[in-house]
Structures are given as C-alpha cells and as structure tokens.
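Observations on the model geometry
These are the residues of each chain, in order.
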Amino acid sequence: VLGNLKVLGVNNNNVEVILQSMYSQDQYDKLEHLSVSLFESEGTTFPHWFLENAQNLEKLIVEWSSFVEIFHDQSIGIEKGQVTISTRLKDLTLNQLHDLDHICKEGLQIDPVLQHLEQLAVVHCSSLVNLVPSSVTFAYLRHLEVANCNGMINLITCLTAKSLVNLATMKIESCNLLQDIMNANENEKDKEIVFSSLETLELVSLPRLRSFCSCKCSLLFPLLENVLVKECPRMEIFSTGDTSTPDLQQVQIEENNKQNFWEGDLNGTINKLFEDKLNRNSLEQLALNGKDAMMILNDHMEEAKFPKVETLRMQCLYDTQLTWWNDLLEIFPNVVGLQVRQSSMQTLFPVEESAHCSTRIAQQVRKLELFEMEHLKHIWHEESLADQLAPQNLESLGISACPNMVSVVSSSVSFQSLKELYVENCKGMTHLITSSIAKSLMQLEKLIVRNCEMIKDVVNVDDEEADEDIIFENLEYLELSTLISLRSFCYGKHALIFPSLIWFIVKACPQMEVFSPGSIIAPYLRTVEVENQRKQWKGDLNITIEQLFKDNQVVSHSNKN
C-alpha cells in the first residue's frame, strides 16, 4: 500500500508499476524521501507527477538520468486547470545528470519547490552553465555544495546571492571552467551584499577561478570563520569590491588546518597566495591544462624543476601533442600522484613514450586517477608492456566516466602493490579485470564498481582450463552498485578466497544470480548490505546472493501482476 510509504525509489523500470498502483492523490501523503534514478533514454522527462502528489516530500535525490531540466513552470499547470506543485523540499541532491541544461528556466513560477530548500548538492552535472537563474531565491538555504560540474562558468548571480541570508556553508570543488562564484547581470547594480550566516567557505580545485565576486559591490561576511582556498592557481583576488570579514583570522590552503596564511584582510591574503604560486618551486600540488603544460615544455624550462610537487593534475588536454610525459616528469621528478581529466587521447601513455616514460611511471607514481576521458581505450600501450614497464608500485587507481574502456587493463599485468581500485560510470566496460590479473592483487584492500551498465562479470575468466584458486588476501571492502547487467563477481570454476573480507555492499544489480559458480571462502563476512542499508545473510555468500535474486524476482513478478 503506497499510502504508508515514507521512502520511495523510482527508476525507469518500475515507474509504470508505481503509476498503476496510485489510485488517489493522498496515496503519497506520508512520502518524505524520494529517489529518482536510471531514466537514461534520450528525451526522457522528469516525472513531475510525484511532486504534484507528494505534498509532504522533504528530500529528493535525482541521479544517473538523462533529464534536461528538473522543474517546469507551475503557471502552465494552473492555466490548464491541472494540480499544482505544493511540495516544499528541504533537501535536494542532483548527481550524475550529464544532460541537465538547467534545474529550472529563468522567470518560471516554481515556488515553493526551491524556495524552502535548506540543503542543495549538485554533483557531476557537466552541462550546467550556472546553478540557477537570477529569478530563483534561496531564503532558507543552509548548506550548498557543487562539485564536478565542468561546464559551469558562473555559479550564481548577485541577485540570487542577496537571498542567501541563512547560508552557513558553501563548498565548491572541481569545476574546471568556473570563473566566478558570483557574477552580475547588466541590470544588477547592488552596492552591498551581506552573507549574514556564512561561517564556512571552501573553494577547491577550480583551475580557472579568478575571484569569488567580479562585481564592484561590497561584500559583508559578519560570521565567516573558516575559509579554504586550495588549487585555485588563477585566483588573484577575492573580490574587486570591498570585503568585510571581522571574525576571519586565516585562510587555509590545506584541509584540517594543516597550512594557513593571513595578510591582514581577505583580499590581501588571496593576492599574496597568488604571488607565492608564481614561485611553481615551493608548490606541493599543481593543476595544469594542456596549454600550460606545453608552455612549460616549449619555453625550454629544463632548469625550472619543481622538486616539491607530489600531486600533478592534468586537465583539458584536447589539442595537445600527447607524447611528452617523459619531458614533463623530468620537470616534476617527485610526482607520486597523477590525475588526468577531460582529454581526447585514446592511450594515456602511448607507445612512443613507453620505453622510458612507462618505467618512470612504474617506479614513482603511487596514485593514478582518470576522469571524463571520452575517447580513452587504454591506460598503457599494452602490446609493448613488459614486466619492467608494468605499474608495479601503483597503490591506488580510480577511473570515472571513461565510456570507451572495455576493461581496466587487458594484458597480463601485475598490480602487486595496488591497494584501492575504484571504477564508476564506464558504460562500455564489459568486465573489470581478467582472472590472471586478479591473482596479482595480493595487496588490494578496497574494490568499488558503480554504474557500469555493460559489466557482466567483475573478474573475467581468461583461461577456461585454469583451476587455481584466486586469493584476495587483503580485500576488506567490496562494493558493487548499479550494475544492471552483472551476473556474477566471477563466472568461473575458480575457488575464490577472501581471508580479510568484512564488508560487502551490493545494490541495484538485478541480474546477479550468483556470486560465483565456484567455491567461496570468506570466513569473516557475516552480512551483505543491500538497498536502503538493509542487511541480509543466509550463512553463505553464494546462498545469500541467490536468495536476494529470488526475492527480487518475486517482487518484480508481483508488481507486474
């Protein structure tokens, strides 16, 4: 009976069943938390009828879908005599909505849906140019977080900023094109903007950020105490107008207050940090785009080494010659963390550089992260990989939004030092690793695979006759989430041994009928976490997965009837 629900998850597969079960508007009177996901068909529209019926809805999560917009104009419904939206949301999360052009359009009558928000998080929405139009106000908003929105140029207008009287925390991170947090329209000529309640401001990994505010108005922050500005290499000034921060005594450049600076006022401190960055020898972390990297190399800066840089972030490598890794590592000789984001390359480390560069990578890089690389097929040029070129010292590997990768690596490569492996939103990947590679993962502690729609098996059997055990000696945490084609962890006769596994999460894997056809030894595993943080255990991992599959089949069958 839907009328008793407080929490509801909706996706493209069950929405028709739920529609058929809805007999009247009061069916959803008790619904407080709604999750909408996996509406991935081109041209799909957000199911607004939920908002029209769930009057007590407080929390809405929308993720992994192809919606172009979320909220439409209420005035259209009023003119047609339809039911209007009376929902007053307090918490809204938008995640992995790469086609989302706008949350709502300029001038639309959407109150009170957004007006009463207290928490707003927008993550991985790469088509958004700004957060909301100037017509939207956030009088009740307390917490704002925006991350990995790489199409965003400005966050909000000054008019929207004036409404943020209750905002306590603002966190903006990893938005590669963001130039200003606040930007004024031609008609906006405010002389003063007061952030009455803002206590914490974090600006992290914003390579094109020039300032917090490009307006000439005065900014007042009467309660601001915590400011983190990290990896914002082009931020030369906080604001072009006057800035008042009576309670602020320092600006952090590392989390947990490890490093901080203060030059008497906020503008002076930001400017001093910018000048210090020009001296690239004291840096420990550095973000470069393709043009920056080529400028360093083409200017023959062999003598300008950066010995303290340990983490190098490369991004927007579209029109760049891609065979210069070796030269770059000469300038950054102590890099142990490498992140590459938004690139047109098909092979990260091409064959022209494999002999020397891959050796350098294998020797010194401990953490490798790849994001939003649409054309990437291979990390290494695998035909030329030899034992001495393999990433033997790599400890952490993360791959996200790389749709052309079929697997992490197809060659027989040893990952003998790898401790963490994270793969997300790689829609072309059919399996993660081969069984021969799995046998090398003796140090692996954490394995996470999320939203890879083509994956059938995590471990693909590359030798049908092999009957050797596969031992994940140190694996403690395993998560398999939103893998709609997954049939098993390993579809082979190998015995799988997990001597250290204590935490296993499996969610939204409707085709997973068995964990593995072979025997499984996991002596310390006592529970499997499934949807809505529920726990399930039937005394054995395979039996638990089989029962979970049967339960889902029964629910699916009853819904169809």
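Calculation notes
Residues numbered from 1 in each chain as written. Predicted model: local features only at pLDDT ≥ 70, side-chain atom pairs only at ≥ 80, totals over all residues. Heavy atoms only, no water. Buried < 20%, exposed > 50% of the residue type's maximum accessible area, 1.4 Å probe, protein only. Helix = DSSP H or I, 4+ residues; strand = E, 2+ residues; numbered from the N terminus. Pairing = 2+ DSSP bridges. 1 Å grid on protein atoms, 1.4 Å probe; cavity = no way out; pocket = protein on both sides within 12 Å on 5 of 7 lines; lining within 4 Å. Points joined across faces, edges and corners; volume = space filled by probe spheres on them. Nonpolar A, V, L, I, M, F, W, Y, C, P; charged D, E, K, R; others polar. Salt bridge = Lys/Arg side-chain N within 4 Å of Asp/Glu carboxyl O. Core = buried A, V, L, I, M, F, W, Y, C linked by side-chain atoms within 4.5 Å. Polar contact = N/O pair within 3.5 Å; in protein donor to acceptor, adjacent residues only side chain to side chain. Contact = heavy atoms within 4.5 Å. pLDDT = per-residue confidence, 0-100. Axes fitted to C-alpha atoms, helices over the stretch in contact; angles between N-to-C directions.

Brief notes about the pairing of strand β24 (residues 396-400)
Regular strands have side chains that alternate between both faces of the sheet. Across the 5 residues that make up β24, a large majority, 5, are buried. Of the two faces of β24, both are covered, the one formed by Ser-396, Gly-398 and Ser-400 as well as the one formed by Leu-397 and Ile-399. Across 5 bridges, strand β22 (residues 367-371) lies against β24 in parallel orientation. Within β24, the residue paired with Glu-369 across the bridge is Gly-398. Direction of pairing for β24 relative to strand β25 (residues 420-424): parallel, over a ladder of 5 bridges. Across the sheet, Leu-397 pairs through a bridge with Leu-421, a residue of β25.

Here we look at empty space enclosed by the protein
Over the atoms, a rolled probe matching the size of one water molecule traces out where space is still vacant. The space that makes up the largest cavity amounts to roughly 60 Å³. Counting residues per element, the ones that place at least two in the lining of the largest cavity are β19 (311-317) and β20 (337-343). Partitioning the lining of the largest cavity into residue classes produces 2 nonpolar, 5 polar and 3 charged.

Considering the pattern of salt bridges
Under the defined criterion, the tally for this structure stands at 9 salt bridges. The partner of Glu-468 in a salt bridge is Lys-439, and the shortest N-O contact between them spans 3.6 Å. Of this pair, Glu-468 sits in the loop between β28 (457-460) and β29 (470-471) while Lys-439 sits in the loop between α9 (435-438) and β27 (446-450); the two residues are 29 residues apart in sequence, bridging distant segments of the chain. The closest approach of N and O atoms between Lys-507 and Glu-529, which form a salt bridge, is 3.7 Å. Pair noted here: Lys-507 is in strand β33 (residues 503-507) and Glu-529 is in strand β35 (residues 528-529), with a separation of 22 residues, a long-range link. Judged by its relative accessible area of 24%, Lys-507 falls in the partly exposed class. Owing to a relative accessible area of 8%, Glu-529 belongs among the buried residues under this scheme. Among the charged side chains, a salt-bridge network with shared partners connects Lys-507, Glu-529 and Lys-535.

Observations regarding the nonpolar core
Grouped together as the largest cluster of nonpolar side chains are 77 residues, with contacts concentrated most on Phe-71 and Phe-212. With 76 residues, the next largest nonpolar core counts Leu-370, Cys-426, Ile-437 and Leu-475 among its residues.

Some details on the side chain of Asp-457
Take Asp-457: it is sitting in strand β28. Residue class for Asp-457 comes out buried when judged on its relative accessible area of 5%. Looking at Asp-457, its side chain comes within polar contact range of the side chain of Arg-487, at 3.0 Å. At 2.7 Å, the side chain of Asp-457 and the side chain of Ser-488 are in polar contact. Leaving out residues up to four positions away in the same chain, Asp-457 has contacts with Thr-430, His-431, Leu-432, Leu-486, Arg-487, Ser-488, Phe-489 and Tyr-491.

A few points about the confidence of the model for the protein chain
Scored by pLDDT, the protein chain comes out at a mean of 81, with 79% of its residues at no less than 70. The model gives residues 75-83 a pLDDT under 50, and that stretch makes 5 contacts with residues more than four places away or in other chains.

A short note on the sheet that holds strand β34 (residues 520-521)
As summarised here, the arrangement of the 3 strands in space is β29-β32-β34, forming an open sheet in which the pairing is parallel. The sheet is open, and its two edges are formed by β29 and β34, each paired on a single side. Looking at chain direction, β29 and strand β32 (residues 496-497) are connected through 2 bridges and run parallel. Paired with Ile-470 across the bridge in β32 is Leu-496.

Some thoughts on the environment of Leu-496
Within the fold, Leu-496 resides in strand β32. Those residues in contact with Leu-496 that sit more than four places away from it in its chain are Ile-470, Phe-489, Cys-490, Phe-515, Ser-516, Ser-519, Ile-520 and Ile-521.

Remarks on the sheet that holds strand β12 (residues 211-213)
What the 3 strands build is an open sheet, ordered β7-β9-β12; its pairing is parallel. Both outer strands of the open sheet, β7 (154-157) and β12, are each paired with one neighbouring strand and no more. Each strand of the sheet is rotated relative to its neighbour by a mean of 25°, with strand direction disregarded. Bridge count for β7 against strand β9 (residues 180-183) is 3 bridges, and the pairing is parallel. Along β9, the bridge assignment pairs Asn-154 with Asp-180.

Describing the environment of Leu-328
Within the fold, Leu-328 resides in helix α7 (residues 325-331). Through-space distance from the C-alpha of Leu-328 to that of Met-294 is 9.3 Å; in sequence the pair is 34 residues apart.

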